[in-house]
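Remarks on the overall topology
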Amino acid sequence: MPDPAANPAHRPVALSVAGSDSGGGAGIQADLRVFHRLGVFGTTAITAITAQNLAGVRDVAGLDAAQVGAQIAAVTEGFALRAAKTGMLWSERIVHAVASALGAAAVPIVVDPVMVATSGARLLDLRAIAAYGAHLLPRASLITPNLDEAAVLLAVENVAPDQMRAAADALFQRFGVPVLLKGGHLRGDPIDVLRQASGFVAWRHRRIAAVNTHGSGCMLSAAITARLAHGDGLENACAHGLAFVHDALARGLTLSDGVVLADIEHAIADLDVLERTD
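Residues numbered from 1 in each chain as written. Predicted model: local features only at pLDDT ≥ 70, side-chain atom pairs only at ≥ 80, totals over all residues. Heavy atoms only, no water.

What to know about the nonpolar core
- If you look at the biggest cluster of nonpolar residues, it comprises 48 residues, and the most contacted ones within it are Leu15 and Val98.
- If we skip the residues at most four places from it in the chain, Leu15 touches Phe35, Thr43, Thr44, Ala45, Ile72, Val75, Leu81, Ala83, Ala84, Lys85 and Leu102.
- Counting residues in each nonpolar core, the second largest holds 37 residues, with Cys238, Ala239, Ala267 and Ala269 among its members. (Core = buried A, V, L, I, M, F, W, Y, C linked by side-chain atoms within 4.5 Å. Buried < 20%, exposed > 50% of the residue type's maximum accessible area, 1.4 Å probe, protein only. Contact = heavy atoms within 4.5 Å.)

Right, here's the structure in full:
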């Protein structure tokens, strides 16, 4: 398989609008690593500075919404942007600014509605949830919630494993855009469900044990964004994104203290690891 980081004649440009992770495993830092690995030139608009490591988030400082909008404007005016993604947006004002700035970009937008860290730390102002639904999600080309985020967006207590298709469909109907509902929080092998206008596609892949999955949601949305920047259709971009993250986790990168993280720098998208279950 060709190296996805090999230099193409014209390297597409993608934008990540997200928070900075001082631990390097998620957010802007992870997105840039994925973009580079998949042959995309990465640009950024930072929304917040977090103090965190693999144990959790200690502090968050959101940036001024006007500054976030200015970063996006500088990128969209200075580069031939091909795709964009959003991650942690933190505040209602930032959600409004991002929706407005990206709305004029006319490129595919992947929205990862980051709300709560795995450690339980809140990564989104409660007032921003309504702004997501009213202003940003309807402009997306794809939204990638996990089960907890889907429950928040649907205003239900939880989404059970046997409710994934119904939840993905409810989100699709509510916001009018394709939904990739992630099943990484399920017990057993993860199942991910894509609901788009043509119907459902679902994939199952083997769960990878003994690897810290911090940032895996950021990696997935970044990988999908990179494939969209290369011109892939949505279903193909989702499949390649899922396979890429699976391979990064399966390879594993062992740090000097023995912690094993996803190996983004050597991952490839081997579609053979995905089992279609639709």
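More follows now that the structure is in view.
Describing the pairing of strand 1 (residues 13-21)
- Summarising burial for strand 1: nine of the nine residues are buried, a large majority.
- Bridge count for strand 1 against strand 2 (residues 41-53) is eight bridges, and the pairing is parallel. Residue pairing across strands places Ser16 opposite Thr44, the latter belonging to strand 2.
- Following the backbone out of strand 1, through helix 1 (residues 27-37) and into the adjacent parallel strand 2, one traces a crossover that is right-handed.
- The pairing of strand 1 with strand 4 (residues 81-86) spans five bridges and is parallel. Looking at the pairing, Val13 lines up with Leu81 of strand 4. (Helix = DSSP H or I, 4+ residues; strand = E, 2+ residues; numbered from the N terminus. Pairing = 2+ DSSP bridges. Right-handed = clockwise from strand over helix to strand, strands pointing away.)

Focus on the packing of aromatic side chains
- Scanning the entire structure with this criterion turns up one aromatic pair.
- Above the plane of the ring of Phe200 lies Arg195, whose end atom (NZ or CZ) is 5.1 Å from the centre. (Phe/Tyr/Trp six-rings, centres within 6.5 Å; stacked < 30°, edge-to-face > 60°. Lys NZ or Arg CZ within 6 Å of the ring centre and 35° of its normal.)

A short note on helix 1
- Those residues of helix 1 lying buried are Gly27, Ile28, Ala30, Asp31, Val34, Phe35 and Arg37.
- Taken together, the buried residues of helix 1 touch strand 1, strand 2, strand 4, helix 7 (216-229) and helix 8 (234-251).
- Gly39 occupies a position one or two residues after helix 1 and carries a positive phi of about 75°.

Focus: the pattern of salt bridges
- Across all of its chains, the model carries eight salt bridges by this definition.
- Between Glu265 and Arg33 there is a salt bridge; the shortest N-O distance is 2.8 Å. With Glu265 in the loop between strand 11 (260-261) and strand 12 (275-276) and Arg33 in helix 1, this residue pair connects regions lying 232 residues apart in the sequence.
- The exposure class of Glu265 is partly exposed, given its relative accessible area of 36%. (Salt bridge = Lys/Arg side-chain N within 4 Å of Asp/Glu carboxyl O.)

A short note on helix 6 (residues 164-175)
- Here helix 6 is twelve residues long and its end C-alpha atoms lie 16 Å apart, about the 16 Å a rise of 1.5 Å per residue gives.
- Looking at helix 6, one finds that the buried residues are Met164, Ala167, Ala168, Leu171, Phe172 and Phe175. The arc enclosing the buried residues of helix 6, seen along the axis, measures out at 140°, which places them on a common side. Of the exposed residues in helix 6, those oriented more than 90 degrees away from the buried face are Ala166 and Gln173.
- Positive backbone phi, at 70°, marks Gly176, one or two positions downstream of helix 6. (Expected span 1.5 Å × (residues − 1). Arc of directions from axis to C-beta.)

Considering the environment of Leu126
- Within the element layout of this structure, Leu126 appears in the loop between strand 5 (109-111) and helix 4 (128-136).
- Distance in space between the C-alpha atoms of Leu126 and Leu255 is 36 Å, their sequence separation being 129 residues.

Let's talk about unusual backbone geometry
- Phi angles above zero are rare outside glycine, and Ala106 is one such case at about 55°.
- You can see Ala106 is positioned in the loop between helix 3 (92-103) and strand 5.
- A positive phi angle, close to 65°, is found at Ala210, a residue other than glycine.
- Looking at Ala210, the relative accessible area reads 74%, which means it is exposed.

A few points about the packing of helix 2 (residues 65-78) against helix 3
- Taken N-terminus to C-terminus, the directions of helix 2 and helix 3 make an angle of 20°; their axes are 8 Å apart at the nearest point. Between helix 2 and helix 3, the angle is such that the two are roughly parallel. The two elements helix 2 and helix 3 cross, and the hand of that crossing is right-handed. Touching Ala65, Val68, Gly69 and Ile72 of helix 2 are Arg93, Ile94, Ala97, Val98, Ala101 and Leu102, all from helix 3. (Axes fitted to C-alpha atoms, helices over the stretch in contact; angles between N-to-C directions. Parallel < 35°, antiparallel > 145°, perpendicular 65-115°, else oblique. Left-handed = near helix turned anticlockwise from the far one by under 90°.)

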